[in-house]
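Results of the structural survey
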Amino acid sequence: MRKSLLFLLLLFPACCLAQVKITGKVINMTDTKPVPNASVFLNNAQVGNKTADDGTFTLSNVKPGKYDFIISIVGYETYTYSLQAGNTNIDLGTISVIPKTFQLSEVKIRPDPNRERYYAIFRQQFLGNSANAAQCKILNSDVLDFDYDDVTNILKASSHDFLEIENKALGYRISYKVTNFNYNPAKAMLYYEGISTFEDLKGTEKQKRKWYKLRQSAYLGSSMHFYRAAIKDSLTSENFVVMRLIRKPNPNYKGGPNNKYLQSLVNKPLDRPDFFKLTDQEGLFAIGYTDCLYVMYTKKGQDPSSSVVQAFNMPNNATTIISFDEPNAFFDNNGIIENPHALIYEGDWGISRVAEMLPVDYEPMVEKK
């Protein structure tokens, strides 16, 4: 028992010592009355609460960083506010939320014979095909709404309430409200976004230790890990190699996912200033490049500073191609992209789905020797 307790203490993130509180009060804009039982949370984080009868709320254990603060309650427009949490408590004061206006009309409800097929596609693309995905369960798929184009085969989806997802691989219960899901199989393109909150599942000490290890595994080599390492200028020491990938359209391309481009990899690692930039906004950084970026994460025990060609041929390396639709993509100090339309991931990050998703306030567990 003592060994188990010691193990957990050693894995506990040191950043927990520098956490702050966010307080405020939510009222109805129309009549200025308090709004009780509203969900208040930091988007994609493990921080959330409900408003009290008088509309007040307190969010505790907030790790310093940039967040989207969300207020969500049935019958009201979703409220979103971007904030920067530092080392002092934040009082948001009184926040007014706007009641939704509903226009009633006759609705004819017909069962959709294709709903199960649409849901199967959604689930596979949303959760993924990994071992983690096999341990994920969507508890209320009825909140999903689908729109399928029979000509283009594009599936669109959204949810009119939060999807409740149990991820028994990583030990999270995720509440995820899907605002935009778009899957185009012909182009092998998937885009989804929404608002979410994380909560730890209850488990035994043995289960918790297993979850900590699997969370660490999901983090290492992820886009979150990469962007945080770029901020700290520790890409090499944290086993990342970034190279230039020159890509041009293939004039003989006949369709399908292969041979769409003519491309060549420049076997010389790029320096961080080649693609990483500071911005004039606190806590916001930029990544951009004229060609594609080829990102390798070398497994622990391999030396990323050794021969790039040798590293390139190692089968255990996780590789990702980043291509840019805009000059720069911007990310915060939690390692989260703020304008995801600006870039496209292919490879390791491209196949990562909700089953591998970690809260933005996740901190890797460092085990002391």
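Residues numbered from 1 in each chain as written. Predicted model: local features only at pLDDT ≥ 70, side-chain atom pairs only at ≥ 80, totals over all residues. Heavy atoms only, no water.

Regarding the overall build of the protein chain
Scanning the protein chain from terminus to terminus reveals 6 helices and 21 strands. Looking at the protein chain residue by residue over its 369 residues, the buried ones come to 44%. Look at the contacts in the protein chain between residues 6 or more apart in sequence, and 60% of them connect residues 24 or more apart. With an accessible surface of roughly 20900 Å², the protein chain has 51% of that area assigned to carbon and sulfur atoms. (Helix = DSSP H or I, 4+ residues; strand = E, 2+ residues; numbered from the N terminus. Buried < 20%, exposed > 50% of the residue type's maximum accessible area, 1.4 Å probe, protein only. Contact = heavy atoms within 4.5 Å. Areas by Shrake-Rupley, 256 points an atom, 1.4 Å probe, with all protein chains shown as cover.)

Some details on the pairing of strand β6 (residues 79–85)
Bridge analysis of strand β5 (residues 65–72) against β6 gives 7 bridges, and the strand direction is antiparallel. Considered in β6, the bridge of Y67 is made with L83. As consecutive antiparallel partners, β5 and β6 are separated by 6 residues, and within that stretch G75 has a phi angle of approximately 95 degrees, a positive value. (Pairing = 2+ DSSP bridges.)

Looking at the sheet that holds strand β1 (residues 20–28)
With mixed pairing, 3 strands are arranged side by side in an open sheet as β4-β1-β7. Each edge of the open sheet carries a strand with a single partner, namely β4 (56–62) and β7 (90–97). Strand-to-strand twist across the sheet, computed as the mean angle between neighbouring axes with direction ignored, equals 20 degrees. Across 6 bridges, the pairing between β1 and β7 is parallel. (Axes fitted to C-alpha atoms, helices over the stretch in contact; angles between N-to-C directions.)

Examining the environment of V242
Relative to the assigned elements, V242 resides in strand β14 (residues 240–249). Sequence separation of V242 and I321 is 79 residues, and the distance between their C-alpha atoms is 9.7 Å.

Side note on the packing of aromatic side chains
This structure, assessed with the given rule, holds 23 aromatic pairs. Ring geometry for F69 versus Y79: centroids 6.4 Å apart, planes at 75 degrees, classification edge-to-face. Of this pair, F69 sits in strand β5 while Y79 sits in strand β6, and the two are 10 residues apart along the sequence. By relative accessible area, which is 24% here, Y79 ends up partly exposed. Both rings, one in F122 and one in F146, keep their centres 6.1 Å apart while their planes meet at 70 degrees; by these two values the pair is edge-to-face. Placement of the pair is F122 in helix α2 (residues 115–127) and F146 in strand β9 (residues 144–148), with a sequence separation of 24 residues. Each member of the aromatic cluster is reached from another via a ring pair, and the members are F226, Y227, F240, F275, F276, F285, Y297, F331, Y345 and W349. One cation-aromatic arrangement involves R215 over Y172; the distance from NZ or CZ to the ring centre is 3.9 Å. (Phe/Tyr/Trp six-rings, centres within 6.5 Å; stacked < 30°, edge-to-face > 60°. Lys NZ or Arg CZ within 6 Å of the ring centre and 35° of its normal.)

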